[in-house]
Amino acid sequence: MARWPKPAEGSWTEHYPEIGTGLISFEDSVSPEFYELEREAIFRRAWLNVGRVEQLPRKGSYFTKEVRVARTSVVVVRDGGGGVRAFFNVCRHRGNKLVWDEFPGEETSGFCRQFTCKYHGWRYGLDGALNFVQQEGEFFDLDKEDFGLVPVHCEVWAGFIFVNLAREPEQSLHDFLGPMVTALDGYPFDKMTEWYVFRADNRSNWKIFADAFQEYYHVPALHPQQVPIEVRTPGSGFECAHFQLDGPHRVVSTGGARRWTLPPEYMYPIERATRSGLVGPWESPEIGEPPPGLNPGRIDPWGIDNFQIFPNLEILIYRGWYLLYRYWPTSHNTHHFEAMLCFQPATTVQERVEHEVAAVVFKEFALQDAGMLTGTQTALESGVLDRFPLNDQEVLVRHFHKVVADWVADYQKNHAEV
Amino acid sequence: MTDRLLPAGFAELEPFAGTWCLATETERYARRMASSMEEMRTFYDAFFPRLEEAVAHCDTFPLDALPEDARRLLQLVYSLVMVSMSIEIFHQPKAVDAADAEIERVREPVP
Ligand code: FES
Ligand SMILES: [Fe+2]
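Computed from a prediction, not measured in an experiment: that's the story for all the values here.

About the criteria used
- Residues numbered from 1 in each chain as written.
- Chains lettered and ligands numbered in written order.
- Predicted model: local features only at pLDDT ≥ 70, side-chain atom pairs only at ≥ 80, totals over all residues.
- Heavy atoms only, no water.
- Pairing = 2+ DSSP bridges.
- Helix = DSSP H or I, 4+ residues; strand = E, 2+ residues; numbered from the N terminus.
- Axes fitted to C-alpha atoms, helices over the stretch in contact; angles between N-to-C directions.
- Contact = heavy atoms within 4.5 Å.
- Buried area = accessible area lost by both parts, 1.4 Å probe.
- Salt bridge = Lys/Arg side-chain N within 4 Å of Asp/Glu carboxyl O.
- Polar contact = N/O pair within 3.5 Å; in protein donor to acceptor, adjacent residues only side chain to side chain.
- Disulfide = S-S within 2.5 Å.
- Buried < 20%, exposed > 50% of the residue type's maximum accessible area, 1.4 Å probe, protein only.

## Structural notes on the sheet that holds strand β7 (residues 123–124) of chain A
All names here are of chain A.
- Strands sit in the order β6-β7-β8 across an open sheet of three strands; the sheet is antiparallel. Each edge of the open sheet is held by one strand with a lone partner, namely β6 (115–116) and β8 (130–132).
- With two bridges joining them, β6 and β7 adopt antiparallel strand pairing. Paired with Thr116 across the strands is Arg123, a residue of β7.

Encoded structure:
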């Protein structure tokens, strides 16, 4: 197995001295009190990715996003001028949830010319303006100008729609994302419009699942089947090629010989027969010159980039396609998980089958990751242990929990001063 | 033959069509979980040697204009992919150590 060079300090972790090397606590993942703090300190302050522009193909296209951790719902819409706007999903009359379909707690999407409240029929334009009030003359000095939908700060980067629930965001989206993430500008995410979308409701804190996808140390133990048994080497480890931190965000890159360049016995028969598998299709249509932010460690041969965008978004860039995860907290020990595999649209059955294989294999191994969650959460909640060691391959886990703690501490400090 | 479900060249797979021609991943995953390894092994052994031929047959048509029998053959290919996870990789219906985990596919391209 290739050994990748580490920074001059001797480890990725020590390259970033502010994160330390000591034992860490997972109290932040079991404490209901800490969860209450995260609602305000993180989910009402950070920019949150709620979708992609492809979900709003034309004027009047909309979707709703339940942000339960912030006790709110947001409606995102393509307005009459072609821009993307977001509003709190609350009617100005008597506070009914404005946009929902069969059940108010379920997300919905569609197309409309205006939003009509189910309760008393008030109507709002795509720009949020209150356009119609039933029996307007019965009200007292009601100026419709003053009763438009409450806007939510909404900005788009690379086709990813973000909202910020703060009254005034502390940073623009671009500044929040920082140089490491925005160096992906120009990557053709917009070409990858064939989506396989997955959802799960998991019984763990949101950070526990994010942790499982920001280290590869667990791969040989939890996912031994990723290597066919005939060529599996007991006791072999997994070493990533590059780690990088930038503000609250993280990236890890893998490297090494690509799966399909290995001898055939390193693949399962279904992979050889379909030319796709664990790391996706062997070939994807060319996408041109990659942006400088891709493969920031200039790893050769490069495998994938796994960007962890604070707080709850993860984008994994493969060759010609990408995979996206979001972790939405629903309580201190549950979360809602979203995943999307995004390919350039198939033009042949062969290509479509390649995508299907990638999507099926993805789910198999994600089920193994998810299978650990209930056990991890309940064991952490038992309180038997309160300090845990992390190794250098788990540097991103260390950084993530530190950033969460920093954001909460920062919020508490500012809150105390007020 | 009027009750033929698959293209003529794949007649020996007709016995599997009623069970495994399923339009969505949700149905295919549920069928896999409800099947014995013996049932899946029989299907896999019968179809795997002809997988590439089946894809090539479907690819004689445009992806967005597959005739009904080719569309069902493609669904059978998807089911073979599903079953191969149990037969080739895990040697049991569900992924090893997936415990109580469930992940639902809620959107996918058609066909
Ligand atoms: S609450 Fe919406 S119209 Fe009354
Ligand atoms: Fe994993």
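## A look at the sheet that holds strand β12 (residues 242–246) of chain A
- Strand order in the open sheet formed by eight strands is β12(A)-β13(A)-β14(A)-β15(A)-β16(A)-β17(A)-β11(A)-β1(B), with antiparallel pairing between adjacent strands. Each edge of the open sheet carries a strand with a single partner, namely β12 of chain A together with β1 (104–107) of chain B. In this sheet, adjacent strand axes meet at a mean angle of 20° when their direction is disregarded.
- Where strand β13 (residues 249–255) of chain A lies against strand β14 (residues 302–309) of chain A, five bridges are found, and the strand directions are antiparallel. What sits directly across from Gly255(A), in β14(A), is Trp302(A).
- Helix α7 (residues 349–371) of chain A contacts β11 (194–202), β16 (321–331) and β17 (334–343) of chain A together with β1 of chain B of the sheet and is inclined by roughly 15° relative to β11(A).

## Considering the environment of Pro290(A)
- When you line up the elements, Pro290(A) lands in the loop between α6 (269–274) and β14.
- Each C-alpha atom, one on Pro290(A) and one on Phe243(A), is 19 Å from the other, the two residues being 47 residues apart in sequence.

## Here's the deal with the interface of chain A and chain B
- Taken residue by residue, the interface counts 36 residues in chain A and 40 residues in chain B.
- In this assembly, chain A packs against chain B so that about 3,500 Å² is buried in total across both faces, 66% of it on carbon and sulfur atoms.
- For the pair chain A and chain B, the interface holds five salt bridges.
- Glu25(B) serves as the salt-bridge partner of Lys363(A), at 3.0 Å between the closest nitrogen and oxygen.
- The interface formed by chain A and chain B contains 15 residue pairs in polar contact (both at pLDDT 80 or more).

## Focus on the state of the cysteines
- In total, this model carries zero disulfides over all chains according to the counting rule given.
- Lacking any disulfide linkage, Cys342(A) is separated from the closest cysteine sulfur, that of Cys154(A), by 19 Å.
- The exposure class assigned to Cys342(A) is buried, which follows from its relative accessible area of 0%.
- There is no disulfide at Cys58(B), and the cysteine sulfur nearest it, in Cys21(B), is 11 Å away.
- A relative accessible area of 0% places Cys58(B) in the buried class.

## Describing the pairing of β16(A)
Residues and elements named next belong to chain A.
- Counted residue by residue, β16 has nine buried out of 11 residues, so it is predominantly covered.
- Once strand β15 (residues 313–317) ends, the chain turns through three residues before running back antiparallel as β16, passing Gly320 with a positive phi of about 85°.
- Pairing geometry for β16 and β17, over 10 bridges, is antiparallel. Of the residues in β17, the one forming a bridge with Tyr322 is Cys342.
- The loop that links β16 with its antiparallel partner β17 comprises two residues.

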